[in-house]
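# Tertiary structure, described
As a plain string of letters, each chain reads:
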Amino acid sequence: MALGPELEFLSAAYPPLVVLVAALLVLVLPRIAGFAVGAASLAAVLAISLLAPGGEHLGGTFLGFEVVPFLVDDFSRMIGIGLGFLGICSVIYAYSSEASETLVAFALAYVASSIGAAFAGDWLVLLFMWELMAVTSTLVVWHYGGDAVRAGFRYAVFHGTGGVLVMMAVAVHYVQTGTFVYDGSGIAGGVPALLAVLGMGVNVAFVGLHTWLPDTYPRPHIAASVFLSVYTTKTSAFVLYRAFPIGGESDLAIYVAYMGGVMSVYGASFALLQHDMRALLSYHIQAQLGYIVAGIGIGAGAATSELATAGAMTHLFNNILFKSLLFMAVGVVIYRTGKEDLYELGGLWREMPLTAVAFGLGALSITAIPGFNGYVSKGMLFDAANPGYYGTPEYQALYYLLWLGAIGTLLSFIKLGYYVFFHGESDISVPDAKPGQTVAMFGLGAACLLFGVWWQGLADLAPTLHAAGGHFEFAYPSGESELHPYSASHLETAGILTGVAAVTFVIVRKPLSKLDLSDPATVVFPAGYSLGRWSMLAVTELYAAVDRAVVDVVTSCYWIGTNPALAVDATARRLPDWMVDVEEPRPADGGRPSTIHLRASVGLTVLVLTVVLTVVLWLLLS
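The following paragraphs examine the structure supplied in this document. All values derive from a computational prediction rather than experimental measurement.

### Some remarks on empty space enclosed by the protein
Within the structure shown, the criterion is met by two cavities of 30 Å³ or more. Quantified by volume, the second largest cavity comes out at close to 50 Å³. In terms of lining residues, the second largest cavity is bounded by Trp130, Met133, Ala134, Ser137, Tyr155, His159, Asn203 and Thr232. The dominant element in the lining of the second largest cavity, judged by the number of residues it contributes, is helix H6 (residues 123-142), at four residues. Grouping the amino acids of the lining of the second largest cavity by side-chain chemistry returns four nonpolar, four polar and no charged.

See below:
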């Protein structure tokens, strides 16, 4: 069937290039015009994602390799919609939050690379966009200066290391398969899969590889944190799915799934211990990524892969919405009060009711309260892991881990909302969010509510999952024929989780406020700093020593060549007195020149010459 002219145009319009051009225009246009162009470029990404026909576009060869820079399928379409819509809201928020043109230009370049990674149809293009994403996101962090510079350096080291591992994985994958183009089976098994899971694990914050996340995201401008909170981690989770796709039957799948479960508990636990609001949200990026990673792992190796994969992708999509909304709401609080510590705040709902409502929309979504989008996607993941529904016995422990992560998430956001907006009376009078901030927050909040109430629309977006008569098209192992997110059993589960968290918060609130436990993984900061400093000094001092030696040798050779007599005289003076007797030099005025009297015997002289000639001969023959 022939495509209409508008669809032909959408097939040819490369989304990352559209956004990158906008990034350059932001630097030269007047502020409001530049930001408007930036938002319009992301609206174009949203339109392309919605309307572009499926399939491979802009394919060709690069350096003799087949490449597909632009692949539209159900997965990339869903991620493109989320990233495009968020980008519009983020640019509006940045404009209203007084972000500089340079920062937004860096951020748009970062967004362009992220979108390029999401739409890549081969590993070579993905690798280029992956590295570009690391570079541009580092610039977004560094731009703020101050503490963000050192954090940005650590961030760059982590992502540079992860990028090298991914590059090695792609190279070995090509050696084994002979192509870079995606074929639906993921990364090649064995060494490529192991390297890929480690390299991608850096970007998706596997436990032990996650310290860059809470270290970096609280440091830069509040608008920068909004961009950072989504594009690296969510795009990387999607790329992890490309490496371990549905039905991939990877031997690593179960380990990936359980890493997700551990991430959900670890991130929620350390979020609960945070005073810094953006650090708390950063740990919850790790926790929510844990659910996505768990779904990817189940989907790549279990019979219930359709539901698990749908849950992972819809939760990724929902995270794009509610995680950025939470960073926006907390950013407004910081913008208006100048305070980052939640224990220094309180009672702000009276001063900032719009921000409090926006925060509430995000918090109800991330904690999976019925009526909000997180409830639908997290419910899919619970059902995919639960042996009582679609799960298998080997995922029983994973199901419990996801439960613990959900309780920790509820506790964290009860704590954050309580101390910032409701605890006590506010001792400061501050204005509410600015109009642009309000528009951005409520745009995202409305989407969170929309996909919680109209869950069929979310199900229609989800790859591998389809709505039929208001029900999911799946069958329980026990023989039941349908699964509804608002069934009595699912509402009961949500009620139990919420009740347990509320009661627990009442019990632990006071002891919790006195705890100040740091993440044990942060020992890598001082260790990494010391290692980096001493290794840098070792390298630079070795280079300096070699440089000095080479310069001295060249200088000496030049001087010897131009002053042979003086060179012989200087060498003789360094020999011991029992070998030579050197007279003091005389001026060249016709008098007797200085002489060198050898004191060595004829036998010693012959011995020395024999040894020297033997060494020279050996060197020539070896």
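Having seen the model, we can carry on.
### A word on the nonpolar core
Ranked by size, the top nonpolar core spans 184 residues in total, and within it Trp123, Met200, Phe244, Met277, Met313, Leu416 and Val420 carry the most contacts. Per-element accounting of this core gives the leading share, 19 residues, to helix H14 (residues 305-337). Setting aside anything within four residues of it in sequence, one finds Met313 in contact with Phe75, Met78, Phe238, Tyr241, Ile296 and Pro463.

### Considering unusual backbone geometry
The backbone of Glu98 shows a phi angle near 65 degrees, a positive value even though the residue is not glycine. Position of Glu98 relative to the elements: it lies in the loop between helix H4 (74-96) and helix H5 (101-119). Its identity as a non-glycine residue notwithstanding, Ala205 has a phi of 65 degrees, on the positive side. Residue placement: Ala205 occurs in the loop between helix H8 (191-203) and helix H9 (212-216).

### Examining helix H3 (residues 31-51)
Relative to the 30 Å expected for 21 residues at 1.5 Å per residue, H3 spans 30 Å between its end C-alpha atoms, a close match to the ideal helical length. Looking at H3, one finds that the buried residues are Gly34, Phe35, Gly38, Ala39, Ser41, Leu42, Val45, Leu46, Ile48 and Ser49.

### Digging into the environment of Cys89
Looking at where Cys89 falls in the secondary structure, it is placed in helix H4. As a C-alpha pair, Cys89 and Met328 span 239 residues in sequence and 9.9 Å in three-dimensional space. In this view, Cys89 contacts Met328, Ala440 and Leu444; residues no more than four positions away in its chain are not counted.

Parameters at a glance
- Residues numbered from 1 in each chain as written.
- Predicted model: local features only at pLDDT ≥ 70, side-chain atom pairs only at ≥ 80, totals over all residues.
- Heavy atoms only, no water.
- 1 Å grid on protein atoms, 1.4 Å probe; cavity = no way out; pocket = protein on both sides within 12 Å on 5 of 7 lines; lining within 4 Å.
- Points joined across faces, edges and corners; volume = space filled by probe spheres on them.
- Helix = DSSP H or I, 4+ residues; strand = E, 2+ residues; numbered from the N terminus.
- Nonpolar A, V, L, I, M, F, W, Y, C, P; charged D, E, K, R; others polar.
- Core = buried A, V, L, I, M, F, W, Y, C linked by side-chain atoms within 4.5 Å.
- Buried < 20%, exposed > 50% of the residue type's maximum accessible area, 1.4 Å probe, protein only.
- Contact = heavy atoms within 4.5 Å.
- Expected span 1.5 Å × (residues − 1).

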